[in-house]
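One letter stands for each residue in the lines below.
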Amino acid sequence: MPEPTLNSFLLLSAVLFAIGTAGVFLRRNLITILLSIEVMLNAVNLTFVAVDRFRGTVDGQIIVFFVITVAAAEAAVGLAILIALFRHRESLNPDAFTSLKW
Amino acid sequence: MDAISFWILATILVLASVLVVGQRNPMHSVFLLILSFAALAGLYILLGAPFAAMIQVIVYVGAIMVLFLFVVMLLNAPTEEATSGDRIRRMFGAGPRHFGAVLSAVFAVELALALIRLASMPMPSADRGAPVATVYDIGLRLFHDYGFAFEATSVLILVAMVGAIVLARREAR
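Position numbers for residues count from 1 along each chain, tracking the sequence in the order it is written. Chains carry letters from A onward and ligands carry numbers from 1 onward, assigned in written order. Given that this is a predicted model, residues contribute local features only at a pLDDT of at least 70 and side-chain atom pairs are listed and counted only at 80 or more, while totals for whole chains, interfaces and linings are drawn from all residues.

**Some words on the overall build of chain A**
Only DSSP runs of H or I with at least four residues qualify as helices, and only runs of E with at least two residues qualify as strands; both kinds are numbered from the N terminus onward. The helix and strand inventory of chain A stands at 3 helices and 0 strands. Each helix (α) and strand (β) of chain A, taken in turn from the N terminus, gives the series α-α-α. Throughout, radius of gyration means the C-alpha value; the globule benchmark is 2.2 Å times the number of residues raised to the power 0.38. For chain A, the C-alpha radius of gyration of 17 Å lies well beyond 13 Å, the compact-globule estimate for 102 residues. In terms of its C-alpha atoms, chain A occupies a principal-axis envelope of roughly 50 × 25 × 25 Å. When the 102 residues of chain A are sorted by exposure, 55% land in the buried category. Contact between two residues is assigned whenever their backbone-derived C-beta positions fall within 7 Å. Here the contacts in chain A between residues at least 6 apart in sequence split such that 45% fall between residues at least 24 apart. Neighbour density around each residue's C-beta defines its exposure: 20 or more other C-beta atoms within 10 Å make it buried, 12 or fewer make it exposed, and counts between make it partly exposed, where C-beta atoms are placed from the backbone.

In structure tokens:
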């Protein structure tokens, strides 16, 4: 087993971020899309913590703290919007919400 | 740093994340995401960041994921309806979704190429004297240098709370 370097952590977080992007593009369920956004946020957090370790600072972890706070706010507002949308259309398929389509 | 635990945790993390995205039932997606967050918390501990690992478990798994779980149950977990056509077509549907799939694949390849070209940078490890970031250090930095950002965050939380209540409230008739 090779010892993990900074590159392995960066590669791992790149893979996670790509999985998250693919989820946002490919899924047709608003809940899964929100979950994919969480996956992307966590990929970025992993980068912050890994680079933090590499440089021997704590600033990255403080930014992770802020990112998690923003993610909590995003999840609360996003899920509230989702509930409101579901009340209107009885559907979570993003293709059902096309009223603003030009 | 323990190489074996890194590879085990990384495998769990990637597999669970792929399954989160590949799942049709949002309930299973939420549980798999909790598994992937647990693996990520393990990686944070390997990276000498116990504070990040703890807030990952407490805030992410304990609060955000429970919120998701509540909503999935509240909306009675409508599973994604399958579209007609064969499996490949379903994965890479028509129009903008097809474009999105190609775009995310290109993005992944691009990131991997950029990272492979970087020189290998060994991580400082605990047995070679790299310090573990304690809550004391983080708290000192957080309340001295990042004090304003911290206060701004509390306003953000308040706004999000009010916004969530206003958005999800039933309109009085």
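**Some words on the overall build of chain B**
From N to C terminus, chain B includes 7 helices and 0 strands. Along the chain direction, N to C, the helices and strands of chain B fall in the order α-α-α-α-α-α-α. Across chain B, every contact between residues at least 6 apart in sequence was considered, and the portion connecting residues at least 24 apart equals 52%.

**Structural notes on the nonpolar core**
One finds A:Leu16, A:Leu35, A:Leu46, A:Val49, B:Tyr44, B:Ala49 and B:Phe68 to be the most contacted residues of the largest nonpolar core, which totals 68 residues. Those elements giving two or more residues to this core turn out to be helix H1 (6–26), helix H2 (30–55) and helix H3 (59–89) of chain A together with helix H1 (3–22), helix H2 (26–46), helix H3 (50–74), helix H6 (135–144) and helix H7 (147–168) of chain B. For this core, the element with the highest residue contribution is H1(A), accounting for 13 residues. Residue ranges labeled as domains rest on an automatic or database domain assignment. For this core, the domains that each give at least three residues are domain 1 (1–78) and domain 2 (134–173) of chain B. The nonpolar core criterion groups buried Ala, Val, Leu, Ile, Met, Phe, Trp, Tyr and Cys residues into a set whenever they are joined through C-beta atoms within 7 Å.

**Focus: the confidence of the model for chain B**
You can read pLDDT as the predictor saying how much it trusts each residue, on a scale of 0 to 100. Mean pLDDT over chain B works out to 83, with 82% of the residues at or above the 70 mark. Taken over the whole predicted complex, pTM reads 0.87, whereas the ipTM for its chain interfaces reads 0.90.

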